[in-house]
Amino acid sequence: MFAFILRRLAQAAVVMITVALISFMLFQYVGDPVVFLLGQDATQEQVSEVRNALGLDKPFVVQFWHFLVNAAQGEFGYSLRQGTQVSTLIAERLPATLELALVAGVLALGLGIPMGVYAALRRGRFMSQVFMTISLLGVSLPTFLIGILLILVFAVTLGWFPSFGRGEVVQVGWWSSGLLSAKGWLHITLPAVTLAIFQLTLILRLVRAEMLEVLRTDYIKFARARGLTNRAVHFGHALKNTLVPVMTITGLQLGGLIAFAIITETVFQWPGMGLLFIQAVTFADIPVMAAYLCLIALIFVVINLVVDLLYFAVDPRLRVDSASGH
């Protein structure tokens, strides 16, 4: 296990350095940050002074090393649009995105797994066909269209939920949470459902396919031959083994919820990192773009590592292969 963790950490370090290099290249080839800071009317002396203060007059390798050191400390400089430290902007927006992804992930898992199991165990039934139709629609419809339709029906027509913003938030230390107020839950409902629908349909179809595959295996037939009840066979044996590959996909999808919440946050004007990134792209705010890219890469790396460790702990075949040297 220790060697396994070391290998994964080494791979994670390589990935993060590569992403940091790509992010740093944004500073080099997507415009001059000094021009964005000072404007077109700045004198040559002012430009030279700022370039010297920012260390932009140093060789590429030295600049990249300083960038790595600062990125490891969570510092990415100042936003060119807002003039605020990027780390401060990220800290302000990160709670909103994480809460949105958390609620969407719980919805996707809490509904997708039972629906997938039902669709596998009750093939051909009316509700099973309904679930598969819903999953087909969820996969086919783009996220922005789902969000607009939900706003039209539940915000504009019925007036049940607000259509934009985060609502009332409660400050808990440095963390701001909308999940501690009734208005916060009303505001997060539509964005969370919009973000969860694609993940839910993916989990539903994956659980159904894996469940059907597991139910055909020999050890399930042997369990039935031993006289075990359907509940014991389905939920004690089949479901447990079905969730092993599902766990890997689900872990990556949870990272995707955070990384690809951009469209949902834009549609609902949700004040998270996705909306911040869209605004940064619009105004060519390179430090914010670089910080977002590095943070998302870090989230994927951490989730990948956790999923690998869980997979190693859940699947005994991996432990047996490692112990035998294979």
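Residues numbered from 1 in each chain as written. Predicted model: local features only at pLDDT ≥ 70, side-chain atom pairs only at ≥ 80, totals over all residues. Heavy atoms only, no water.

(A) Highlighting the overall build of the chain. Scanning the chain from N- to C-terminus turns up 14 helices and two strands. Looking at the chain as a whole, 38% of its 326 residues are labelled buried. For the chain, contacts bridging at least 24 residues in sequence account for 71% of all contacts bridging at least 6. A total accessible area of about 17,700 Å² is found for the chain, and carbon and sulfur atoms account for 67% of it. (Helix = DSSP H or I, 4+ residues; strand = E, 2+ residues; numbered from the N terminus. Buried < 20%, exposed > 50% of the residue type's maximum accessible area, 1.4 Å probe, protein only. Contact = heavy atoms within 4.5 Å. Areas by Shrake-Rupley, 256 points an atom, 1.4 Å probe, with all protein chains shown as cover.)

(B) Expanded view of a nonpolar patch on the surface. Side chains of L137, L141, F144, L145, I148, L149, L152, V153, V156, L158, W160 and I263 sit close together on the surface and give an oily, nonpolar patch of about 1,100 Å² of accessible area. Among the elements that line the nonpolar patch, the one with the most residues is helix 7 (residues 143-157), at seven residues. (Patch = residues over 30% accessible without salt bridge, like charges linked within 9 Å, V, L, I, M, F, W, Y side chains within 5 Å. Salt bridge = Lys/Arg side-chain N within 4 Å of Asp/Glu carboxyl O.)

(C) Inspection of the layout of surface pockets at higher detail. Reported here for the second largest pocket is a volume of approximately 350 Å³. Along the wall of the second largest pocket there are 14 residues; nearest its centre are A71, A72, G74, F76 and C294. Elements with a contribution of two residues or more to the lining of the second largest pocket: helix 1 (2-29), helix 4 (60-72), helix 5 (86-121) and helix 13 (286-314). When residues in the lining of the second largest pocket are grouped by element, the largest group, four residues, is from helix 13. When its residues are assigned to classes, the lining of the second largest pocket shows 12 nonpolar, two polar and no charged. (1 Å grid on protein atoms, 1.4 Å probe; cavity = no way out; pocket = protein on both sides within 12 Å on 5 of 7 lines; lining within 4 Å. Points joined across faces, edges and corners; volume = space filled by probe spheres on them. Nonpolar A, V, L, I, M, F, W, Y, C, P; charged D, E, K, R; others polar.)

(D) Examining the packing of helix 5 against helix 6 (residues 126-140) more closely. The N-to-C vectors of helix 5 and helix 6 enclose an angle of 130°; their axes lie 9 Å apart at closest approach. In terms of orientation, helix 5 lies oblique with respect to helix 6. Seen along the crossing, helix 5 lies across helix 6 with a hand that is left-handed. Along the contact surface, helix 5 presents M115, Y118 and A119, while helix 6 presents M127, S128, F131 and M132. (Axes fitted to C-alpha atoms, helices over the stretch in contact; angles between N-to-C directions. Parallel < 35°, antiparallel > 145°, perpendicular 65-115°, else oblique. Left-handed = near helix turned anticlockwise from the far one by under 90°.)

(E) Molecular detail of the packing of helix 5 against helix 8 (residues 182-215). Contact geometry of helix 5 with helix 8 gives a least axis separation of 5 Å together with a crossing angle of 35°. Relative to helix 8, helix 5 is oriented so that their crossing is right-handed. A breakdown of the residues in the contact of helix 5 with helix 8 according to their chemical character gives 28 nonpolar, three polar and two charged.

(F) Structural detail: helix 8. For helix 8, spanning 34 residues, the distance from its first C-alpha to its last is only 43 Å, which falls clearly below the expected 50 Å at 1.5 Å a residue. At A196, helix 8 shows its maximal kink, close to 35°. (Expected span 1.5 Å × (residues − 1). Bend = angle between axes of the 7 residues up to and from the residue.)

(G) Region of the structure containing the packing of aromatic side chains. The tally for this structure, following the rule as stated, stands at four aromatic pairs. For the ring pair F154 and F161, a centre distance of 6.4 Å and an interplane angle of 65° mean the geometry is edge-to-face. Arranged with centres 4.6 Å apart and planes meeting at 25°, the rings of F277 and Y292 form a pair that is stacked. Note that F277 is positioned in helix 12 (residues 273-282) and Y292 in helix 13, a separation of 15 residues in sequence. Y292 shares its class with F277; the two are buried. (Phe/Tyr/Trp six-rings, centres within 6.5 Å; stacked < 30°, edge-to-face > 60°.)

(H) Examining empty space enclosed by the protein more closely. Inspection of the entire model under this criterion finds one cavity of 30 Å³ or more. Taken as a whole, the largest cavity holds about 40 Å³ of empty space. Looking at the largest cavity, the residues that line it are G105, A108, Q199, I203, T250, Q253, L254 and L257. Looking at the lining of the largest cavity, the elements that each hand over two or more residues are helix 5, helix 8 and helix 10 (230-259). Ranked by residues supplied to the lining of the largest cavity, first place goes to helix 10 with four residues. Here the lining of the largest cavity is built from residues that sort into four nonpolar, four polar and no charged.

(I) Focus on the side chain of T264. Structurally, T264 is set in helix 11 (residues 262-267). Among the residues examined, T264 registers a relative accessible area of 1% and is labelled buried. If we ignore the near neighbours within four places in the chain, the residues touching T264 are L100, T143, P191, T194 and L195.

(J) View of unusual backbone geometry. Despite not being glycine, Q269 shows a phi value in the positive range, around 50°. Turning to its location among the elements, Q269 is positioned in the loop between helix 11 and helix 12. When its relative accessible area of 41% is taken as the criterion, Q269 is described as partly exposed.

(K) Structural view of the environment of L89. Along the chain, the position of L89 falls in helix 5. L89 gets classed as buried once you look at its relative accessible area, which sits at 4%. As a C-alpha pair, L89 and V288 span 199 residues in sequence and 8.5 Å in three-dimensional space. Those residues within four positions of L89 in sequence are excluded, and the remaining contacts are S79, Q82, T84, L276 and V288.

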